[in-house]
Amino acid sequence: MSAKGASAASKKKGKVSKTEKLRLQKEEEERKLREEEEARLLAEQIEAERLEKERLEREERERLEAKQLEHRAEELEEFRVLLEEKLVAAEMWKSNLRSRAKWDRYMLCDGNPDPTVAQEINTFLSLWEQGDHEDIQSVISKGTLVLDLIHKLEFILGDTPAQELQQEEAAQYQQTILDMQRILQKKFNSATELILKNATNLSDIETGNMQMVVKNADVTLCLWANLNKNPRFKGYEFVEEAIGFELPKPLAVKSVAVRILHTNYDHLSHQSLSFFPRIKEVEETDLSAEITDPENHVEDVKTEDNDQIPTGENIIITDEETKSEGRKSVLSSLSVREETKSVNGSREKPAEEIEKKAESQFGGDTSEGVSSLPLLNDDNLEDEDDVVDLRQFATLGGVYYFDLFDLPPQCKQYRGWTIVEILSGGLQTHPYPEDPLLTNTLGVTQPEKDGEIHAAPPVTVSLHMRNNLIFFEEPQVARWEAKNKNWKFDMISQKKYNNELKELCFSMEGFYTFSLIQDSHLNMPFQSWELKPKGVNKAALSITSAFTEIQLEIKDDQCSLISVSDVDGDLSHILGVWMAPLALKTAMKNAGLNFFPEEDSKNYVSINTKSEQVENLAYKEMALMSSSFAFGWSKWNHNCGYEEIIVKVKEGLSSEDSWTLYMLSAQRSQRMKISEASENFSDDPYDHSNFHSTLYHIVKDFSSPQAMETVTNSQHHFVDCTYQILQMTKVLTYS
């Protein structure tokens, strides 16, 4: 073929390809239109199916809700009879115990005063305070009795419901506690003076100085007197008590004495206003009304502003809702009202008198009483970097009174007589650093030499941590400032802590009362929890935190700390000891195991906020069924709303894969379709299940008759004890 013919054929072929291309393009457009139409029809079909499914689900939910409302009154009445009567019986039982204890105190006749009878205790304290020349053994012995009386009054204030304890009685008990604490410390000072007056006769031949230790279970008195005045003296260690000090050089040649009085109790912290919650008073809503009224919906807890004290000072309060879980000091609320009244009447009243009225708060948390709590003032906190907030932190291991005294004139023997010079004012504190004219915010300095100002040498303290205390972090040290009644972190430096040996060494710019401080919320929020049955009227609550896992066992009306994992310390004094819930809480907190949130702990811990009405109702139902059913933490509890709570439940001690999820609110309870292993959250109810007004009734639908019979036969004091433990730990919101 010639070149000309080939070119013509190629042009003809090109015209055919263009036509084919147009045809294919048209077919492609038609195909796309068909696909779009099919997709539209499919989407319409899917949407119709979805709407139909939602309609059916809505109709089914409405049917279940209508059915639940139909039987609501019947279920609530059954629940009221089953639960409320148990709780009422428990209250009557505890009231009878309190009445019997009061009668037993009256009939005891052991020669000791009844701290609740004003005439008896006032006579006892008056005679004791007026007594002179009591030696240290007598003071320690009498102090044991006084501490026991204080504990009795604190227990009465913490355990007695508000309706059973008049405000006048509570104020009297609080004042009695303050008087006993004041006189006890005064007696320790007078006994110390008596020893120091005879220091020469008690001196050690080897060192030439006097050193002695007197102690019992509550108090350890370590006393050293500088009789030798050796300028090379550096310090002294009380080996058996594992505590020592280094004396600054300027004091080595002076007639001084050092006292370290270690008390296992803390009679100082309650004098600080940072000890009190910074909250608003709240209106209490009646949970029983919420349960019995089918039309009543859960509402947010309302808060009211407290009356402002017209001093021009700013009041620090939180805007969050709150409810006092227990009976705090009644005197605290009285103090604030009296303070308001007195300031309104006379602005010239000394601040010390106002502060003294509100300096005490005792007792623990129970579910039985609600109190009005004082407000904290900005001025009482001073510098936030230094002042210890006792709502966030707590003293641990008691208080160390570290004092420097002038050595009093010594007793002299003359012809069978003991002669001693009596100085007015009793035991005298030796100032250190000594020149008050050179005081500044960093401490007291010595006179200027060659144009330089040299700070006074610090006082060094070394001590070994007690083995029955649990410190999850390196302990902090705070000193007591008596003027403003606060624990402060300032004036303390060069702190060294050996975690393996549990040895602490630090320096202070003077002789201060000090204490060890630990964050109260180290174990919060909890990582998980589980409440499981252990038999008839027996249950165990395990709580896992970032540091440890504890297990509490509940039996009848008492509870016990059974185990603590991954801690370095000896807890034999509380492990396995059966006690009341309030006593167990106090014992665990004193050992450094704080798993008990306070009413304002949410200011320091990120929590899963829930309606208090729903939360308390859940604790009641869990306590009621704890003899037969296990309850546990669910990750979905964070996904549901403020007015709903999700827990996992299983009957008895069945296998781990038998957990089922239940959601409860003030209006209804339901079994959930999702499981703990589900990937996404859904509040759809379990197939072929009903809505019920209580968790008890929905669990009953899927449980054996034997398990429900055990629930019915649970003793009232066991249900109440379990309820108290759940309320104290607040596992539903602090996990």
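This text goes with the structure placed above it.
Predicted model only: the values in this text are computed from it and were never measured.

Draft legend 1. Representation of the nonpolar core within the structure. W529, L561, M588, L593, M625, F629 and F631 are the most contacted members of the largest nonpolar core, which totals 65 residues. Here the element with the most residues in this core is helix 10 (residues 612-625); it accounts for eight residues. Once you skip the residues sitting within four places of it in the chain, L593 turns out to touch I470, F472, L561, V564, L571 and M588. By size, the runner-up hydrophobic cluster in this structure holds 49 residues, among which are I150, F188, V388 and A478.

Draft legend 2. Local environment of the packing of helix 10 against helix 13 (residues 716-729). Where helix 10 contacts helix 13, the two axes come as close as 8 Å, and the packing angle between them is 140°. As summarised for this structure, helix 10 and helix 13 are arranged oblique, according to the angle between their axes. Crossing angle aside, the handedness with which helix 10 passes helix 13 is right-handed. Note on element contacts: helix 13 touches helix 10 through F718, V719, T722, Y723, L726 and Q727, opposite N616, Y619, K620, M622, A623 and L624.

Draft legend 3. Expanded view of the packing of aromatic side chains. Enumeration according to the criterion identifies 16 aromatic pairs in this entry. Relative to F514, the ring of F402 lies with its centre 6.4 Å away and its plane at 80°, an arrangement referred to as edge-to-face. With F402 in strand 10 (residues 393-406) and F514 in strand 20 (residues 514-519), the pair connects residues that are 112 residues apart, well separated along the chain. F514 gets classed as buried once you look at its relative accessible area, which sits at 1%.

Draft legend 4. Geometry of helix 9 (residues 581-590). Here helix 9 has its buried residues at P581, L582, L584, K585, A587 and M588. In this structure, the buried side of helix 9 is in contact with helix 3 (136-159), strand 23 (549-555), strand 24 (558-564) and helix 13. Count one or two residues on from helix 9 and you reach G592, which has phi positive near 95°.

Draft legend 5. Region of the structure containing the environment of N616. You can see N616 is positioned in helix 10. Given the relative accessible area of 6%, N616 is considered buried. Here the alpha-carbon distance between N616 and Q727, two residues 111 residues apart in the chain, equals 7.3 Å.

Draft legend 6. Seen up close, the sheet that holds strand 1 (residues 210-215). With antiparallel pairing, the seven strands of this open sheet are ordered in space as 1-2-5-10-20-16-17. Since the sheet does not close on itself, it has two edges, and those belong to strand 1 and strand 17 (486-488), each with one partner. Taking the axes of each pair of neighbouring strands and ignoring which way they run, one obtains an average angle of 25° across the sheet.

Draft legend 7. A look at the pairing of strand 15 (residues 459-464). As paired elements, strand 4 (residues 243-246) and strand 15 share four bridges and run antiparallel to each other. Its bridge partner being in strand 15, E246 is matched across the sheet by T460. Across six bridges, strand 15 lies against strand 19 (residues 503-508) in antiparallel orientation. In the sheet register, L463 faces strand 19, and the bridge partner there is L504.

Draft legend 8. Seen up close, the sheet that holds strand 22 (residues 538-544). If you trace the eight strands from one edge of the open sheet to the other, you get 24-23-22-21-25-26-27-28, paired in antiparallel fashion. Of all the strands in the sheet, the pair left with one neighbour each is strand 24 and strand 28 (669-671). Between one strand and the next, the sheet's axes are offset by a mean angle of 25°, whatever the strand orientation. Examined bridge by bridge, strand 25 (residues 629-632) and strand 26 (residues 645-651) share four bridges and lie antiparallel to one another. Looking at strand 26, one finds that A630 is bridged to K650.

Draft legend 9. Broad picture of the side chain of T395. Topologically, T395 is positioned in strand 10. Among the residues examined, T395 registers a relative accessible area of 19% and is labelled buried.

Draft legend 10. Looking closely at the packing of helix 2 (residues 118-130) against helix 4 (residues 167-197). Running from N to C, helix 2 and helix 4 cross one another at 15°; their axes reach a closest spacing of 11 Å. Viewed along their axes, helix 2 and helix 4 adopt a mutual orientation that is roughly parallel. Classified by chirality, the crossing of helix 4 by helix 2 is left-handed. Of helix 4, the residues touching helix 2 (which contributes A118, I121, L125, W128 and E129) are Q172, T176, D179, M180, R182, I183, L184, K186 and K187. Taken together, the residues of the contact of helix 2 with helix 4 sort by class into seven nonpolar, two polar and five charged.

Draft legend 11. Representation of the pattern of salt bridges in the model. Following the criterion strictly, the structure yields 27 salt bridges and no others. Salt-bridge contacts for R23 lead to E27; the nearest nitrogen and oxygen are separated by 2.5 Å. Of this pair, R23 and E27 both sit in helix 1 (residues 3-108), four residues apart, which is roughly one turn of the helix. By relative accessible area, which is 38% here, R23 ends up partly exposed. The class of E27 is partly exposed, set by a relative accessible area of 38%.

Draft legend 12. Representation of unusual backbone geometry within the structure. Of note, the amide linkage connecting Y432 to P433 takes the cis form, showing an omega dihedral of -10°. Mapped onto the elements, P433 comes out in the loop between strand 12 (417-419) and strand 13 (439-440). Each neighbour pair has its own omega, and for M524 with P525 the value is -5°, a cis peptide bond. The topology assignment puts P525 in the loop between strand 20 and strand 21 (528-535).

Thresholds, definitions, all that
Residues numbered from 1 in each chain as written. Predicted model: local features only at pLDDT ≥ 70, side-chain atom pairs only at ≥ 80, totals over all residues. Heavy atoms only, no water. Core = buried A, V, L, I, M, F, W, Y, C linked by side-chain atoms within 4.5 Å. Buried < 20%, exposed > 50% of the residue type's maximum accessible area, 1.4 Å probe, protein only. Helix = DSSP H or I, 4+ residues; strand = E, 2+ residues; numbered from the N terminus. Contact = heavy atoms within 4.5 Å. Axes fitted to C-alpha atoms, helices over the stretch in contact; angles between N-to-C directions. Parallel < 35°, antiparallel > 145°, perpendicular 65-115°, else oblique. Left-handed = near helix turned anticlockwise from the far one by under 90°. Phe/Tyr/Trp six-rings, centres within 6.5 Å; stacked < 30°, edge-to-face > 60°. Pairing = 2+ DSSP bridges. Nonpolar A, V, L, I, M, F, W, Y, C, P; charged D, E, K, R; others polar. Salt bridge = Lys/Arg side-chain N within 4 Å of Asp/Glu carboxyl O.

So, to be careful, I would describe these as geometric facts and stop short of saying anything about function.
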